[in-house]
Structure formats: structure tokens, C-alpha cells
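Fold and geometry: a report
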Amino acid sequence: GESVGLHLPTLSVQEGDNSIINCAYSNSASDYFIWYKQESGKGPQFIIDIRSNMDKRQGQRVTVLLNKTVKHLSLQIAATQPGDSAVYFCAEIHGSGNTGKLIFGQGTTLQVKP
Amino acid sequence: SAVISQKPSRDICQRGTSLTIQCQVDSQVTMMFWYRQQPGQSLTLIATANQGSEATYESGFVIDKFPISRPNLTFSTLTVSNMSPEDSSIYLCSVEGLDSPTDTQYFGPGTRLTVL
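Since this is a predicted model, take the numbers as computed values, not measurements.

Comments concerning the environment of Val3(B)
All names here are of chain B. Along the chain, Val3 turns up in the segment before β1 (4–7). Taking the relative accessible area as the measure of exposure, Val3 reaches 47% and is therefore partly exposed. Expressed as a C-alpha distance, the spacing of Val3 and Gly60, which sit 57 residues apart in the sequence, is 30 Å.

So this is what it looks like as C-alpha cells:
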């Protein structure tokens, strides 16, 4: 069946190090991917997105990489800070005719050690 | 950027009662959605709130249990009916159409529901 999943439930990194959060998806028809950050007690916050016609997109301290060959998505956070501690979700949307049907992965908890 | 608010932010309810959750956006949006996030879990889409017509429900969710209204382009409500402890979750609304032409969804802060 279709699924969007994350490889590791928890990632612990030292402050200042780079973090890499991975996500595998199974639907090759997905053409839009989003990373969200959810802090405790809050709703998911949009971080960065990428379309299937791209393989890399950069934001402020974050980079998303898309490998369509192996259906893999990753979020890289540079110089991780304590404020980056949160649960990170990848989400995918299937095709242009299915606007809004986000399918979420299970989430990776990022813990930043001072 | 647009502000998405939800009321109430949290509630504790008795089994068998109903709770209506409100979602308000400070600008008009094309699409509004409702999600459920069970404790320690990911988000699951309940339904798409359609303006002027019945909501579109996902598999496993029915109108009798989760009636939804969307009277205009900035407001929607979700009612959790005849609640049981299994309904204890965070309920989130999201909106699409803040950034044209992308279909990015932005989320409200959520309503944390506990059913006793």
C-alpha cells in the first residue's frame, strides 16, 4: 500500500552539528513533498517543500533532497540549534488532480543536546 | 503571513457529549481541511471542508460522527459527536491557497481534546 515513512523515530545531535532526517515514500506518482516541524503543543509548521521536477532545494539553514530513483526524501539542518528540537514530518501529495490530500509520515523526533 | 486560529485550544469532555471546534483564518483561502493527530502519532486527514456544500470525508470518517461546516472562505467548524475516550486527540485545521499558485497547506495551532 501507499506509505510515507521515516527511517528513525528519534535523532539525537549535538548543538552545532548538522542533522539529517530521512523519509521514504512508496508512491512514484507523488509530485509534491513538504517538510513540517511540530513543536510540543503546537500545530505543524511549514519548513520547506520540493516538487518532483527538482532534486534539491535550499532554505535558510535547511536543505531538502529528493531522490526519485529510490523514492527517498531527506531534510538537512545545518548548525542545529536547541530551537530545532521538535518532531519532523514529511508529507506527500499525489498528482495534480488530488490537490490537498496530504499523506504524512510517522515523524522523527529531533533532540538537540547543548 | 496569514493567522490561523482555533477555538478552543483544549478541552476535557465527558463521554457521550459533543464538542464543536472552530477554525478561523484572517484571509480568504480556497481549501480548508481537518486532521486528527492521536497521541504520539502522525496526522490523518478527516475531511475536506467545502464551502457551500457537504464536506468530503476520508475512509474511516463519517458525517454523523464528524459533521463539518464551512459557511464562507475564512471559517470552518468540526464537531466531534457522541464522544468516547478513543476520540481523545489533537484536532487540527489546515488551509490551502494562501500562497498562489502553490498547494502548500498551513496548519492552525490545534485543539487538544481529552474525553473522560
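A look at the interface of chain B and chain A
Between chain B and chain A, the contact holds 20 residues from the first and 20 residues from the second. Across the chain B to chain A interface the summed buried area is about 1,500 Å²; carbon plus sulfur atoms make up 51%. Ranking the residues of chain B by area buried against chain A places Ser42(B), Asp103(B) and Phe107(B) at the top, with a combined share of 30%. Where chain B touches chain A, the interface holds 1 salt bridge. Glu58(B) is paired through a salt bridge with Lys101(A); the nearest N and O atoms lie 3.1 Å apart.

What to know about the pattern of salt bridges
Applying the stated criterion to the full structure yields 5 salt bridges over all chains. When the shortest N-O distance is used, the salt bridge between Glu39(A) and Lys42(A) registers 3.8 Å.

Section: the state of the cysteines
Residue and element names in this part refer to chain A. The final tally for this structure, using the stated rule, is 2 disulfides over all chains. With its sulfur 1.9 Å from that of its partner, Cys23 forms a disulfide with Cys90. Between Cys23 and Cys90, the S-S dihedral sits near 55 degrees, and the bridge is therefore right-handed. Highlighted residues: Cys23 in strand β3 (residues 19–25) and Cys90 in strand β9 (residues 86–94), separated in sequence by 67 residues. Here Cys23 falls in the buried class, since its relative accessible area comes to 1%.

Some remarks on the sheet that holds strand β8 (residues 75–80) of chain B
Residues and elements named next belong to chain B. The strand order across the open sheet formed by 4 strands is β1-β3-β8-β7, and the pairing between neighbours is antiparallel. For this open sheet the edge positions go to β1 and β7 (68–72), each flanked by a neighbour on one side alone. The mean inter-strand angle of the sheet, taken between neighbouring strand axes irrespective of direction, is 15 degrees. Examined bridge by bridge, β1 and strand β3 (residues 19–25) share 4 bridges and lie antiparallel to one another. In the sheet register, Ser5 faces β3, and the bridge partner there is Gln24.

Things to note about the packing of aromatic side chains
Centre distance and the angle of the planes are the two values used to describe a pair of aromatic rings. Tallying each qualifying case throughout the model produces 10 aromatic pairs over all chains. Linked through ring pairs, Tyr36(A), Phe89(A), Phe104(A), Tyr35(B) and Phe107(B) together constitute an aromatic cluster.

Structural notes on the pairing of strand β5 (residues 43–49) of chain B
Residue and element names in this part refer to chain B. Counting buried positions over the 7 residues of β5 gives 6, a clear majority of the element. Between strand β4 (residues 31–37) and the antiparallel strand that follows it, β5, lie 5 residues; Gly40 among them carries a positive phi value of about 70 degrees. Bridge analysis of β5 against strand β6 (residues 56–57) gives 2 bridges, and the strand direction is antiparallel. When the sheet's bridge partners are listed, Ala47 is paired in β6 with Tyr57. Counted along the chain from β5 to the antiparallel partner β6, the turn is 6 residues long, and its residue Gly52 has a positive phi close to 80 degrees.

Side note on the nonpolar core
Residues and elements named next belong to chain B. Formed by 25 residues in total, the largest nonpolar core has its most connected members in Trp34, Ile46, Phe66, Ile68, Leu78, Tyr91 and Leu113. Secondary-structure elements contributing two or more residues to this core are β3, β4, β5, β8, β9 (89–96) and β11 (111–115). Per-element tally for this core: the top contributor is β3, with 4 residues. Once residues lying within four places of it in the same chain are set aside, the contact partners of Ile46 are Trp34, Tyr35, Arg36, Thr56, Tyr57, Glu58, Phe61, Phe66, Leu78 and Tyr91.

Calculation notes
Residues numbered from 1 in each chain as written. Chains lettered and ligands numbered in written order. Predicted model: local features only at pLDDT ≥ 70, side-chain atom pairs only at ≥ 80, totals over all residues. Heavy atoms only, no water. Helix = DSSP H or I, 4+ residues; strand = E, 2+ residues; numbered from the N terminus. Buried < 20%, exposed > 50% of the residue type's maximum accessible area, 1.4 Å probe, protein only. Contact = heavy atoms within 4.5 Å. Buried area = accessible area lost by both parts, 1.4 Å probe. Salt bridge = Lys/Arg side-chain N within 4 Å of Asp/Glu carboxyl O. Disulfide = S-S within 2.5 Å. Pairing = 2+ DSSP bridges. Axes fitted to C-alpha atoms, helices over the stretch in contact; angles between N-to-C directions. Phe/Tyr/Trp six-rings, centres within 6.5 Å; stacked < 30°, edge-to-face > 60°. Core = buried A, V, L, I, M, F, W, Y, C linked by side-chain atoms within 4.5 Å.

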